[in-house]
Amino acid sequence: MEVLIAIFFLLYLVSHCSCSRLREAAINLNTFNVMDYGAIGDGLTDDSQAFLKAWSMVCAMKNGAATLKVPPGKTFMLKPLQFSGPCSFSSVHFQLEGDVVAPKSTEAWKGQDSSKWIDFSNVDGLIIDGGGQIDGSGSVWWNSCKVKSCSRPTALSIHNCNNLQLTGTRHLNSARNHISINNSNHTHIFNVTITAPQDSPNTDGIDVSQSSYILIQRSTIATGDDCIAMNSGTSYVNITGITCGPGHGIRYKYIFIMEI
Ligand SMILES: *[C@@H]1O[C@H](CO)[C@@H](O)[C@H](O)[C@H]1NC(C)=O
Ligand SMILES: *[C@@H]1O[C@H](CO)[C@@H](O)[C@H](O)[C@H]1NC(C)=O
Ligand SMILES: *[C@@H]1O[C@H](CO)[C@@H](O)[C@H](O)[C@H]1NC(C)=O
Ligand SMILES: *[C@@H]1O[C@H](CO)[C@@H](O)[C@H](O)[C@H]1NC(C)=O
């Protein structure tokens, strides 16, 4: 009898004490911090490979939404890079608490597609949040190619990512568009801040193309070009609560179907 009581007591203790710790451990198992994959975060060292290694772990996670964690209080320099899917689970979390910054020289794009910096493609259920900043180091481009038509990288390109949620991020000084959404339905962008100088060339805030069911809310966009531009193949767009300017406002370019 005493043994039985002791066993029950032990079971009680185990189930109560370790519950929250077990839950925490389970969360940690699904979280991949770029620091554990060799990132330095001094704003100068190229941290691209560390991000890609962490991404490959996150994208391969089968049994739940995994998190790629970019820790706060650090700045990570990233060369042009692609976060590609499809991923194994229906949702992926990119927790950007720290900041990322583009190379301070256009040389980093030698032999690369100069229309993009950070590129997400074929990732459904992508959630990007965390309050971190994406700094496109645009001035090196604005100064090195003065004509408006020259090819400059979009800071954050999203292609073929249905059910995207982008929130809480701060976007600074892209060389071209700050955020481009292409071929991605059910996109929800809210509480983002986008800032670039009034005279910076082609620095659109958010460009949308070939996408439907777009909700953009509660954001502040002050750039050198359009705040939000809607390009061909875009429909069912709802834009509310945007503080826009300086910039060229909210524009429809070559729209086929449009509903607000
Ligand atoms: C909006 O995002 C900022 C980070 O940029 C965050 O500090 C703030 O809490 C967010 N606001 C809401 C209402 O979520
Ligand atoms: C997005 O929705 C439109 C309209 O329903 C559809 O034609 C298109 O194939 C969808 N695109 C994707 C990437 O799912
Ligand atoms: C947008 O997506 C469509 C469909 O995949 C593709 O044909 C087009 O090249 C993309 N445009 C851009 C600017 O990426
Ligand atoms: C647009 O989004 C806002 C905020 O979610 C919502 O209140 C409003 O009803 C939406 N408008 C339409 C036409 O769906």
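The rules behind the values
Residues numbered from 1 in each chain as written. Chains lettered and ligands numbered in written order. Predicted model: local features only at pLDDT ≥ 70, side-chain atom pairs only at ≥ 80, totals over all residues. Heavy atoms only, no water. Near = heavy atom within 4 Å. Polar contact = N/O pair within 3.5 Å; in protein donor to acceptor, adjacent residues only side chain to side chain. Areas by Shrake-Rupley, 256 points an atom, 1.4 Å probe, with all protein chains shown as cover. Nonpolar A, V, L, I, M, F, W, Y, C, P; charged D, E, K, R; others polar. Helix = DSSP H or I, 4+ residues; strand = E, 2+ residues; numbered from the N terminus.

Section: the site of ligand 1
In step 1: Contacts to ligand 1 come from Gly131, Gly168, Arg170 and Asn191.
In step 2: Between ligand 1 and glycine 168 there is a distance of 2.8 Å, counted from an oxygen atom to a backbone nitrogen or oxygen.
In step 3: Within the contact set of ligand 1, an oxygen atom lies 2.4 Å away from a side-chain nitrogen or oxygen of asparagine 191.
In step 4: Burial of ligand 1 by the surrounding chains reaches 38%, relative to a free accessible area of 360 Å².
In step 5: Of the residues in the shell around ligand 1, the class split is no nonpolar, 3 polar and 1 charged.

Some points on the site of ligand 4
In step 1: Around ligand 4, a shell composed of Leu215, Gln217, Asn238 and Thr240 is seen.
In step 2: A distance of 3.3 Å separates an oxygen atom of ligand 4 from a polar side-chain atom of glutamine 217.
In step 3: Between ligand 4 and asparagine 238, the relevant distance is 2.4 Å, taken from an oxygen atom to a side-chain nitrogen or oxygen of the residue.
In step 4: Protein chains bury 35% of the 360 Å² of accessible surface belonging to ligand 4 in isolation.
In step 5: Every element with two or more residues in the shell around ligand 4 is listed here: β18 (212-222) and β20 (235-244).
In step 6: Partitioned by chemical class, the residues of the shell around ligand 4 number 1 nonpolar, 3 polar and no charged.

Structural measurements only, silent on function.
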